[in-house]
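The lines below spell out each chain.
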Amino acid sequence: MKKTNIDSDITIIGAGPAGSCAAWEAKQGEIEKPVSIIEEHPQIGEPVHCSGLIALNGLQKLKLPIRDIEKKICYNKIRRAKFIAPNFKSIEIDRGSNSMGVVDRVSLDSILAERAREAGCDYYLGHRVAKIQFEKNHWKLHIKKKNQSTLLRSRILISAEGTRARLSASIGLPTPDKNWLFPAIQYEFEGVQNLETDCVELYFGRKYAPGFFGWVIPINDESARIGVAISRLFGRKTREFISRFLKKHPLLKPRIHNAIKTQQYGGLVPVSGPVNRTFHTNLMVVGDAAGQSKATTGGGVNIGGFCGRLAGITARKIIMDDFSSDNRCRNYEKLWKSYFEPNLSLMKLLRRMLTPLPDETWIKIIEIAKETDMQGFLKHTDIDLHAIGLLRYSLTPRVFIRSLNLFPQAATSLLRGLSV
Ligand SMILES: Cc1cc2nc3c(=O)[nH]c(=O)nc-3n(C[C@H](O)[C@H](O)[C@H](O)COP(=O)(O)OP(=O)(O)OC[C@H]3O[C@@H](n4cnc5c(N)ncnc54)[C@H](O)[C@@H]3O)c2cc1C
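A brief report on the enclosed structure follows. (Residues numbered from 1 in each chain as written. Predicted model: local features only at pLDDT ≥ 70, side-chain atom pairs only at ≥ 80, totals over all residues. Heavy atoms only, no water.)

### Comments concerning the overall build of the protein
Which entries qualify depends on this criterion: Counting from the N terminus, the helices are DSSP H or I runs at least four residues long and the strands are E runs at least two residues long. Radius of gyration here uses only the C-alpha atoms, and the compact-globule reference equals 2.2 Å multiplied by the residue count raised to the power 0.38. Residue exposure (1.4 Å probe, protein chains only): buried if accessible area is under 20% of the type maximum, exposed if over 50%, otherwise partly exposed. The contact criterion used throughout is that any non-hydrogen atoms of two residues lie within 4.5 Å. For the accessible areas, the method is Shrake-Rupley and the probe is 1.4 Å, while residue cover comes only from the protein chains on display.
When its secondary structure is counted, the protein shows 12 helices and 18 strands. For 420 residues, the compact-globule estimate of 2.2 N^0.38 gives 22 Å, and the protein sits close to it at 22 Å. Projecting the C-alpha coordinates of the protein onto the three principal axes gives extents of approximately 60 × 45 × 40 Å. Going through the 420 residues of the protein one by one, you find that 55% of them count as buried. Look at the contacts in the protein between residues 6 or more apart in sequence, and 74% of them connect residues 24 or more apart. Summing over all exposed atoms, the protein offers an accessible surface of approximately 18,500 Å²; the carbon and sulfur share of this is 51%.

Written as structure tokens, this is what we have:
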């Protein structure tokens, strides 16, 4: 076994969007010290575990040129979302403009990594961080590549290791609650019929997607990403549910009759909500590992990427000012929470309440949403920060009064969700 020492001032674990955004920011300005990214997979962005549905204006949070991204990696643009109740009745939210993009996630991650590389960051692909230890004033990383072991010493560490957050757990930091990482399976199909290309479809109901939803995301007028995620409250057999969704759902089955499956992905949809503590001495946690995703939908690219940038800026300042890092890392947490915590925490509460809801309540919610112009209310909310908008909508007198008889069920559901 060969042992070498590489030393780095700033090291990032994980080359997803949060990690590459952190690396890029860390290397801005006059910093000449090395910034390293360690990624266990040999290819950036692979294996894919994403539907690639991204709020386009949210890409500004990643400091990416929207028009350029749209041209290069966006297959399709979306302006409407259709919510389909267990009784197959539906409500549509039309945002009036193409606010979402269906992107190629491998390309998005590669663009973010290339930008960081051009800024001077060093990527070590196919290297897995097996263990981290804090020693005096630096972190020691035990890195494995096939049968080789390497030790790396780094003054600042940014952990962007995704949902499982094994390294965070190993040093006693809180991690996303495993009960709220929902197993998902998604297929890409060619030859899907009756696709409305500017509309995503979300299917609710215990029979097909208990605790979460099934989705159809059009890539063009005949191809779509179709998937299901389920809550662990209802078991682990995602494969059975996706199979039933495809073969039995009356609104879907006839449309994929002759469709051909071209790709398959899986993953854990991050709906746990933000973790309580995202820093340690000389260390910051970003992205899914910090629960920086929307517990309502599982979307985490824009918010995690933005928080990655905040951690990168913090790391750079620590190195440039030769400053004690403790307060700075604590400040990173204060900063990202000041941007996102009210929304993310409210989404977490909503998810805890929505997941155990029985079908009858879903049917009523969709009926009320239709009667009370939810569409008009939510049309202008920020897609990445929609929880406060939803709360305002539910507190409007009309919706509040109309929903009064759902309160006992909602309270029971919330208690059940909170006890999981
Ligand atoms: C089915 C599904 C659909 C989704 N759809 C959407 C969507 O449409 N829109 C959206 O915004 N979000 C979506 N998400 C969520 C989104 O994928 C995540 O929020 C996002 O990828 C988080 O980015 P990240 O950089 O924090 O983590 P990741 O993208 O998971 O990156 C973490 C990286 O760290 C690496 N790593 C982990 N441990 C180590 C280690 N010990 N050593 C070295 N490398 C390591 C991993 O290999 C990985 O590359 C979806 C998720 C799932 C599962």
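Having seen it, we continue.
### Some words on the environment of Ala113
The topology assignment puts Ala113 in helix α3 (residues 105–118). What makes Ala113 buried here is its relative accessible area of 1%. Ala113 sits 97 residues away from Gly16 along the chain, and the two C-alpha atoms are 8.3 Å apart. Here Ala113 is in contact with Ser20, Ile44 and Tyr123, once residues within four sequence places are set aside.

### Observations concerning the site of the ligand
Convention followed: Only a single heavy atom is needed: when it lies within 4 Å of a molecule or strand, its residue is near that molecule or strand. Here a polar contact is recorded for every N or O atom pair within 3.5 Å, except that within protein the pair must consist of a potential hydrogen donor and a potential acceptor, and residues adjacent in sequence are included only if both atoms are side-chain atoms. Three classes are used, and their members are as follows: Ala, Val, Leu, Ile, Met, Phe, Trp, Tyr, Cys and Pro are nonpolar, Asp, Glu, Lys and Arg are charged, and the others, Gly among them, are polar. A domain assignment, automatic or from a database, supplies the domain bounds used here.
Taken together, 34 residues lie around the ligand, and Glu39, His41, Arg105, Val129 and Asp288 are the ones closest in. Glu39 places a polar side-chain atom, nitrogen or oxygen, 2.7 Å from an oxygen atom of the ligand. The backbone of Ser51 places a nitrogen or oxygen atom 3.0 Å from a nitrogen atom of the ligand. Considered on its own, the ligand offers 1,000 Å² of accessible surface; in the complex 90% of this is hidden by protein. For the shell around the ligand, the elements supplying multiple residues, two or more each, are α1 (17–26), β2 (35–39), β3 (53–55), β9 (128–135) and β16 (260–270). Examining the composition of the shell around the ligand, we find that 3 residues originate from one element, β16, more than from any other. Considering only residue class, the shell around the ligand consists of 15 nonpolar, 13 polar and 6 charged. Both domains that furnish three or more residues to the shell around the ligand are identified here as domain 1 (5–48 + 107–176 + 275–349) and domain 2 (76–103 + 179–270).

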